[in-house]
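For reference, the chains in residue letters:
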Amino acid sequence: MPELFGIENLKRLVRLGCAIPKQIAISSEDGWQIYDVAAFFDEVADLIGVVRNIKAITDEWKDLSEDERLDLFSYVKQEFDIADDKVEEFVEDALVWAASTLSLISRFKSLKD
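Residues numbered from 1 in each chain as written. Predicted model: local features only at pLDDT ≥ 70, side-chain atom pairs only at ≥ 80, totals over all residues. Heavy atoms only, no water.

1. Quick word on the pattern of salt bridges
Here is the rule: Between Lys or Arg on one side and Asp or Glu on the other, a salt bridge is scored when a side-chain nitrogen of the former is within 4 Å of a carboxyl oxygen of the latter. Note on conventions: DSSP H or I runs of at least 4 residues are helices, E runs of at least 2 residues are strands, and numbering of each starts at the N terminus. With a 1.4 Å probe rolled over the protein chains alone, any residue whose accessible area is under 20% of its type maximum counts as buried; one over 50% counts as exposed, and the rest are partly exposed.
Applying the stated criterion to the full structure yields eight salt bridges. The shortest N-O distance in the salt bridge between Glu8 and Lys11 comes to 3.8 Å. Here Glu8 and its partner Lys11 are both found in helix 1 (residues 8–28), three residues apart, which amounts to about one turn of the helix. When its relative accessible area of 14% is taken as the criterion, Lys11 is described as buried. Measuring nitrogen to oxygen at the nearest pair gives 2.6 Å for the salt bridge that ties Lys77 to Asp84. For Lys77, a relative accessible area of 33% gives the class partly exposed.

2. Concerning the packing of aromatic side chains
Condition: In summary, the pairing rule links any two rings of Phe, Tyr or Trp, Trp by its six-membered ring, whose centres are within 6.5 Å, and it sorts them by plane angle into stacked for under 30 degrees, edge-to-face for over 60 and tilted for everything else.
Scanning all chains against the criterion turns up one aromatic pair. Ring plane angle 20° and centroid distance 6.3 Å describe the contact between Trp32 and Phe40, whose orientation is recorded as stacked. Overall, the relative accessible area of 16% leaves Phe40 in the buried class.

3. Points about helix 1
Here is the rule we go by: Expected span of a helix: the number of residues minus one, times 1.5 Å. The criterion used for residue contact is that any of the two residues' heavy atoms lie within 4.5 Å.
A rise of 1.5 Å per residue sets the reference length of helix 1, with its 21 residues, at 30 Å; its end C-alpha atoms lie 30 Å apart and thus fit the reference within 8%. All buried positions along helix 1 are accounted for by Asn9, Leu10, Lys11, Leu13, Val14, Leu16, Gly17, Cys18, Ala19, Ile20, Gln23 and Ser27. Elements that come into contact with the buried residues of helix 1 comprise helix 2 (41–52), helix 3 (54–62), helix 4 (66–80) and helix 5 (84–112).

4. Things to note about a nonpolar patch on the surface
Operational definition: Grouping into patches uses exposed residues only, defined as over 30% relative accessible area, and leaves out salt-bridged ones; the cut-off is 9 Å for like charges and 5 Å for nonpolar side chains (Val, Leu, Ile, Met, Phe, Trp, Tyr). For every accessible area listed, the method is Shrake-Rupley and the probe measures 1.4 Å; residues are considered covered only by the protein chains on display.
Taken together, the side chains of Ile34, Tyr35 and Val37 present a nonpolar region at the surface, about 390 Å² in accessible area. With respect to the element layout, Tyr35 can be found in the loop between helix 1 and helix 2. The class of Tyr35 is exposed, set by a relative accessible area of 54%.

5. Topic: the packing of helix 1 against helix 5
So the rule is basically this: Note on geometry: axes are C-alpha line fits, over the in-contact stretch for helices, and angles between N-to-C directions span 0 to 180 degrees. Here the word oblique covers every angle except those under 35 degrees (roughly parallel), over 145 (roughly antiparallel) and from 65 to 115 (roughly perpendicular). The classification used treats Ala, Val, Leu, Ile, Met, Phe, Trp, Tyr, Cys and Pro as nonpolar, Asp, Glu, Lys and Arg as charged, and all other residues, Gly among them, as polar.
For the pair helix 1 and helix 5, the least separation of the axes is 8 Å and the interaxial angle reads 100°. Taken as axis vectors, helix 1 and helix 5 run roughly perpendicular relative to one another. Of helix 5, the residues touching helix 1 (which contributes Leu10, Leu13, Val14, Leu16, Gly17, Cys18 and Ile20) are Phe90, Val91, Ala94, Leu95, Trp97, Ala98 and Leu102. Among the residues making up the contact of helix 1 with helix 5, the classes are represented as 13 nonpolar, one polar and no charged.

6. Side note on helix 3
Note the cut-off: What the arc covers is the set of directions going from the helix axis to the C-beta atoms.
Buried residues of helix 3: Ile57, Asp59 and Glu60, and no others. The arc enclosing the buried residues of helix 3, seen along the axis, measures out at 160°, which places them on a common side. In helix 3, the exposed positions that point more than 90 degrees away from the buried face belong to Lys55 and Lys62. Here the buried face of helix 3 lies against helix 1 and helix 2.

7. Some thoughts on the nonpolar core
Rules: Buried Ala, Val, Leu, Ile, Met, Phe, Trp, Tyr and Cys residues that are joined via side-chain atoms within 4.5 Å together make up what is termed a nonpolar core.
In terms of nonpolar packing, the biggest core is built from 22 residues, with Leu10, Leu13, Val14, Val76 and Val91 touching the most fellow members. Only helix 1, helix 4 and helix 5 provide two or more residues apiece to this core. Every residue in contact with Leu13, bar those within four places of it in the chain, is listed here: Val50, Ile57, Leu95, Ala98 and Leu102.

Next comes the structure, spelled out in structure tokens:
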């Protein structure tokens, strides 16, 4: 089955799901400092783009092929310098974390309706 949607928005979601825990780990190495807040600027900017594209992310997820899944692994491996034997699990954890966060955002929004 040919892919209809690609994976660019899904890559943004995975990147966010990897980048926030990475930045937390880096910022907490020397104990939290007030200036650590500024280190999350890129992640906050990415979050805005992800939230705006939830529908596209959902479409891409539903249309995800095996080749695209492998492309996601390759992207994360390259972007975050993760070993081959760890990348699949890391991507899956990042997707679960990011998808759960987006689900909570949607639920919160529905409480206001």
